[in-house]
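Next come the chains, spelled out residue by residue.
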Amino acid sequence: MKEENISFEDLKLNRQILNAIDELSFEHPTEIQAKVIPSALAGHDLFGIAQTGTGKTLAFVVPLIMKIKYAQENDPRALILAPTRELVLQIEQQMLALSKYTDLRTVALYGGVGPRTQIEYLESGCDLVISTPGRFLDLYSKGHIMPKKIKTMIMDEADKMMDMGFYPQIKKILEVVPRKRQNMLFSATMSERVISLTEDFLEFPEKIEVAPQASVAETIAQELYEVPNFK
């Protein structure tokens, strides 16, 4: 659902981001973008409840680009955790498109491939790491990631991370990143495990819910096919 009466200019974004958004042909922010971006830019911790297809990736990537601004030194200043390789790559794609007119350096980390190239990217310097929890811990434990400058941490699809058993790894990551940071957590549902994670992870968060839990995003069409049950 688009917020037709709000433009991206109204969200006080810089020209580099507005130019990138124009090239992506997005005319108006979606509901979650219109609510998350101002709150994130104000520095609040956030708990967003939103389905796939609502535009939440842009909602957290844009304020992150505004915050880290430009390439600086070698160690990452922001971390985005996602449960699967596919989602890591999807977030990376959106980050690269939206930061096109900046010099920010993004590194995507995930399993299923050898780590050598990922290590080379880390060692050549980066501003943002997008990673699955397991690969982040693996490369951190081998000394390839220095997390002491991370000032923003985002968890996407937290309910899926809980379902996939990542809670122990996430707790370890929370022990190695600086305590003073801005946090954002996004989930399609609010299970007990997700609520427990928000208590560990968020400080006085603003809760932003844009669709009833477990509902389907408006951008997804559904059809029902009735199939005879021969058994």
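Residues numbered from 1 in each chain as written. Predicted model: local features only at pLDDT ≥ 70, side-chain atom pairs only at ≥ 80, totals over all residues. Heavy atoms only, no water.

K.L.:
Would you mind going over the pattern of salt bridges with me for this structure?
P.N.:
Side chains bearing opposite charge may pair, as long as their charged atoms lie close to each other. With the rule as written, the count across this model stands at 12 salt bridges. For K149, the salt bridge goes to E73, with nearest N and O atoms at 2.3 Å. Pair noted here: K149 is in the loop between α6 (133-141) and β5 (152-155) and E73 is in the loop between α3 (56-68) and β2 (78-81), with a separation of 76 residues, a long-range link. Classification of K149 as partly exposed rests on a relative accessible area of 28%. Three or more residues are tied together by salt bridges with common partners; here these are K56, D156, E157 and K160. (Salt bridge = Lys/Arg side-chain N within 4 Å of Asp/Glu carboxyl O. Helix = DSSP H or I, 4+ residues; strand = E, 2+ residues; numbered from the N terminus. Buried < 20%, exposed > 50% of the residue type's maximum accessible area, 1.4 Å probe, protein only.)

K.L.:
Teacher, can you tell me more about the sheet that holds strand β6 (residues 182-187) here?
P.N.:
The pairing of strands in a sheet comes from backbone hydrogen bonds and takes either a parallel or an antiparallel form. A sheet is described by the order of its strands in space; here seven strands give the open sequence β3-β4-β2-β5-β6-β1-β7, paired in parallel fashion. Since the sheet does not close on itself, it has two edges, and those belong to β3 (106-109) and β7 (206-209), each with one partner. Direction aside, neighbouring strands of the sheet carry axes that sit 15° apart on average. Relative to β7, strand β1 (residues 46-49) is paired through four bridges, and the arrangement is parallel. Its bridge partner lying in β7, F47 is registered against K207. (Pairing = 2+ DSSP bridges. Axes fitted to C-alpha atoms, helices over the stretch in contact; angles between N-to-C directions.)

K.L.:
Which parts of the structure should I look at to understand unusual backbone geometry?
P.N.:
Excluding glycine, residues mostly carry a negative phi; peptide bonds, for their part, are mostly trans. Phi at K12 takes a positive value of approximately 60°, unusual for a residue other than glycine. Looking at the secondary structure, you find K12 in the segment before α1 (15-23). In this structure, E73 takes a positive phi of about 55° despite not being glycine. Under the relative-accessibility criterion, E73 is labelled exposed at 51%.

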